[in-house]
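# Descriptive analysis of the structure
What follows is each chain in one-letter form.
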Amino acid sequence: MLVLGLTGGIGSGKSTVSAMMAAHGAVIIDADLIAREVVEPGGRAYDAVIERFGPDILAPDGTIDRPALAAIVFGDEKARKDLNDLTHPAVGAVMAERMAAEAETDHVVVLDIPLLAEGGRNRRSGMLGVLVVDVPEEIAVARLVGSRGMDEADARARIAAQASREQRRAIADVVIDNSGSMAELEAEVDRAWAWIEACRRESARARQ
């Protein structure tokens, strides 16, 4: 398998790029989706999260009320760290299991990790390269307000809580510009996929 990282800030359109990569044939291992799975009832982090944050975060059906939990941790650095300490190892374990299932294949495996840049270049261990979906902050804010119905101040606060554009671009092997139209984004993803295919050919030659 050929392993790549994919990251981008909130409002960048990373999920759209991930779907386009899947259409090219990539196997997507999505850290965000797995983070939801591990806090579902029976999930690896479900009991620990309830023990830490209390039963008030539970919805009537026993699932964790994600907006209620987000309201607790977003403005509280210690609470956010505690949540990350409980969930990140579980997410990492599931991602490792899914990568192991692809180990003997020739698939392109894309690790979709929103917080990849927060760990600097050390987080890219085992990855052939990193793709970064990039968009100016003002465009990201407009998308969050228009598409997700966020308050502008909330959108800006969430962007500020993540790595900066400069930090993400610093770990990039390929930058995917998503400041234009959908057609322009498709062209950007096609360009990135051509780079991936070139890497795949080089990797195949190195094994011969």
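Quick look at the structure, then. This is a predicted model, so every value here is computed, not measured.

Definitions and cut-offs
The numbering scheme is per chain: residues are counted from 1 as the chain's sequence reads. Since the coordinates come from a predicted model, pLDDT governs what is reported: local features require at least 70, and pairs of side-chain atoms require 80 or more to be given and counted, while whole-chain, interface and lining totals use all residues. Water and hydrogen atoms play no part in the side-chain values, which are based on all heavy atoms of the structure. Numbered from the N terminus, helices here are DSSP runs of H or I no shorter than four residues, and strands are runs of E no shorter than two. Burial classes: relative accessible area under 20% of the type maximum marks a residue as buried, over 50% as exposed, and values in between as partly exposed (1.4 Å probe, protein chains only). Here a polar contact is taken to be a pair of N or O atoms separated by no more than 3.5 Å, where protein atoms must pair a possible hydrogen donor with a possible acceptor and residues adjacent in sequence count only if both atoms sit in side chains. By definition in these notes, contact holds between two residues if any of their heavy atoms fall within 4.5 Å. What a helix should span is 1.5 Å times the count of its residues minus one. Here the arc refers to the directions that run from the helix axis out to each C-beta atom. Think of it this way: DSSP has to see at least two bridges between two strands before they count as a pair.

### Quick notes on the side chain of Ser12
Secondary-structure assignment places Ser12 in the loop between strand E1 (2-8) and helix H1 (14-23). On the basis of relative accessibility, which here comes to 1%, the residue Ser12 falls in the buried class. Polar contacts involving the side chain of Ser12 include one to the main-chain carbonyl oxygen of Gly9, which spans 2.8 Å. Each residue touching Ser12, except ones within four places of it in the same chain, is listed here: Val133, Val135, Arg143 and Asn178.

### What about helix H6 (residues 137-148)?
Counted at 1.5 Å a residue, the expected span for H6 with its twelve residues is 16 Å, and the 16 Å between its end C-alpha atoms agrees. For H6, the set of buried residues is Ala140, Val141 and Leu144. In an axial view of H6, the angular spread of the buried residues amounts to 100 degrees, which keeps them on one side of the axis. Opposite the buried face of H6, at more than 90 degrees from it, the exposed residues are Gly146 and Ser147. Here the buried face of H6 lies against helix H7 (152-160). Gly149 lies just past H6 and shows a positive phi near 70 degrees.

### Structural notes on the environment of Gly11
Summarising the element assignment, Gly11 is placed in the loop between E1 and H1. Exposure remark for Gly11: the relative accessible area of 12% places this residue in the buried category. Along the chain, Gly11 and Ala142 lie 131 residues apart, while their C-alpha atoms are 8.5 Å from each other. Filtering out sequence-adjacent residues up to four positions away, Gly11 remains in contact with Val135, Ala140, Arg143, Leu144 and Arg148.

### What to know about the pairing of strand E5 (residues 174-177)
Alternating residues of E5 divide into Val174 and Ile176, all buried, and Val175 and Asp177, none buried. Pairing analysis gives four bridges linking strand E4 (residues 129-134) to E5, with the strands arranged parallel. In the strand pairing of E5, Val133 is matched with Ile176.

### Remarks on the pairing of strand E3 (residues 108-112)
With five of five residues buried, E3 lies mostly within the body of the structure. Side chains Val108, Val110 and Asp112 project from E3 onto one buried face, and the interleaved Val109 and Leu111 project onto a second face that is buried too. Note that E1 and E3 share five bridges and pair parallel. Bridge pairing in E3 places Gly5 opposite Leu111.

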